[in-house]
Amino acid sequence: MRTANPTALQVLMNHIYELHKGVRHMVLFTCNKKYSEQTIRRLESQDIPYLLQPAGQQNMNVYFGRRECLDAIRLIVTRPLNELTPEEDFILGAMLGYDICAQCERYCKRKSRRQGKCDGLCINRN
């Protein structure tokens with residue numbers, strides 16, 4: 001009987017590799033809840049701090065990495081990701097190492113939608 005999804009574990013192992021090499025300071029890994037025990041065992045076996053957050057009925061968000069990053073996540077991500085404010089979403093994306101220009105564009109779009117402004121404000125006009 002297979003106990004792991006090889007693709008999910010490969011992605012997890014790549015994230016752990018990048019964390020150890022200093023490419024990332026924090027990772028958000030989403031997996032099916034049935035693989036969360038294996039994920040936790042792997043992280044604990046390598047002394048990697050982590051936080052868990054349900055993500056719908058079948059998935060689990062696993063944040064892992066540097067403690068100082070996880071401390072900030074505990075304060076910022078207090079509800080499902082789709083309910084974060086534009087500011088919280090921006091901070092999370094920046095902490096995860098996402099492209100900062102793409103995060104700025106995403107922030108502007110989300111902020112303008114919430115304020116009822118035209119999304120056209122975020123179009124790049126050189």
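Residues numbered from 1 in each chain as written. Predicted model: local features only at pLDDT ≥ 70, side-chain atom pairs only at ≥ 80, totals over all residues. Heavy atoms only, no water.

Visitor: Before we move on, could you go through the overall build of the chain and cite the residues and values that matter?
Guide: Along the chain, the regular secondary structure elements total 5 helices and 3 strands. Listing every helix and strand of the chain by position from the N terminus yields α-β-α-β-β-α-α-α. Taking all 126 residues of the chain together, the buried fraction comes to 36%. Counted over contacts in the chain with a minimum sequence separation of 6, partners at least 24 positions apart contribute 48%. Of the roughly 8300 Å² of accessible surface on the chain, 51% is carried by carbon and sulfur atoms. (Helix = DSSP H or I, 4+ residues; strand = E, 2+ residues; numbered from the N terminus. Buried < 20%, exposed > 50% of the residue type's maximum accessible area, 1.4 Å probe, protein only. Contact = heavy atoms within 4.5 Å. Areas by Shrake-Rupley, 256 points an atom, 1.4 Å probe, with all protein chains shown as cover.)

Visitor: Please provide a residue-by-residue account of the confidence of the model for the chain, values included.
Guide: Per-residue confidence for the chain gives a mean pLDDT of 89; residues scoring 70 or more make up 87%. Looking over the chain, one finds the lowest element-wise mean pLDDT in helix H5 (residues 100–114), namely 92, and the highest in strand E3 (residues 59–65), namely 97. (pLDDT = per-residue confidence, 0-100.)

Visitor: I'd like to hear about the pattern of salt bridges, residue by residue, with values.
Guide: Tallied over the entire structure, the rule returns 8 salt bridges. In this structure, Glu68 engages Arg66 in a salt bridge whose closest nitrogen and oxygen atoms are separated by 2.5 Å. Under the relative-accessibility criterion, Glu68 is labelled partly exposed at 46%. As a salt-bridge pair, Glu87 and Lys111 come within 2.6 Å of each other at their nearest N and O atoms. Within this pair, whereas Glu87 is found in helix H4 (residues 86–95), its partner Lys111 is found in helix H5, the two being separated by 24 residues in sequence. Lys111 gets classed as partly exposed once you look at its relative accessible area, which sits at 24%. It is possible to trace a salt-bridge network through shared partners that takes in Asp89, Arg106 and Arg110. (Salt bridge = Lys/Arg side-chain N within 4 Å of Asp/Glu carboxyl O.)

Visitor: So, helix H2 (residues 36–45): which residues are in play, and what are the values?
Guide: Each α-helix winds once per 3.6 residues, and so residues spaced three or four apart point in a common direction. Burial in H2 covers these residues: Ser36, Gln38, Thr39, Ile40 and Leu43. In this structure, the buried residues of H2 make contact with helix H1 (6–21), strand E1 (26–32), strand E2 (50–55) and E3. Immediately beyond the C-terminal end of H2, within one or two residues, lies Asp47, with a positive phi of roughly 55 degrees.

Visitor: Describe in detail the nonpolar core, supporting the description with residues and values.
Guide: If you look at the biggest cluster of nonpolar residues, it comprises 13 residues, and the most contacted ones within it are Leu12, Ile16, Phe29, Leu43, Ile48, Val62 and Phe64. Where this core is concerned, the elements lending two or more residues are H1, E1 and E3. Counting residues per element, this core draws most heavily on H1, at 4 residues. Setting aside its immediate chain neighbours within four residues, Ile48 contacts Ile16, Leu19, His20, Leu43, Phe64 and Gly65. Judged by nonpolar contacts, the second largest core, of 12 residues, contains Leu28, Leu51, Cys69 and Val77. (Core = buried A, V, L, I, M, F, W, Y, C linked by side-chain atoms within 4.5 Å.)

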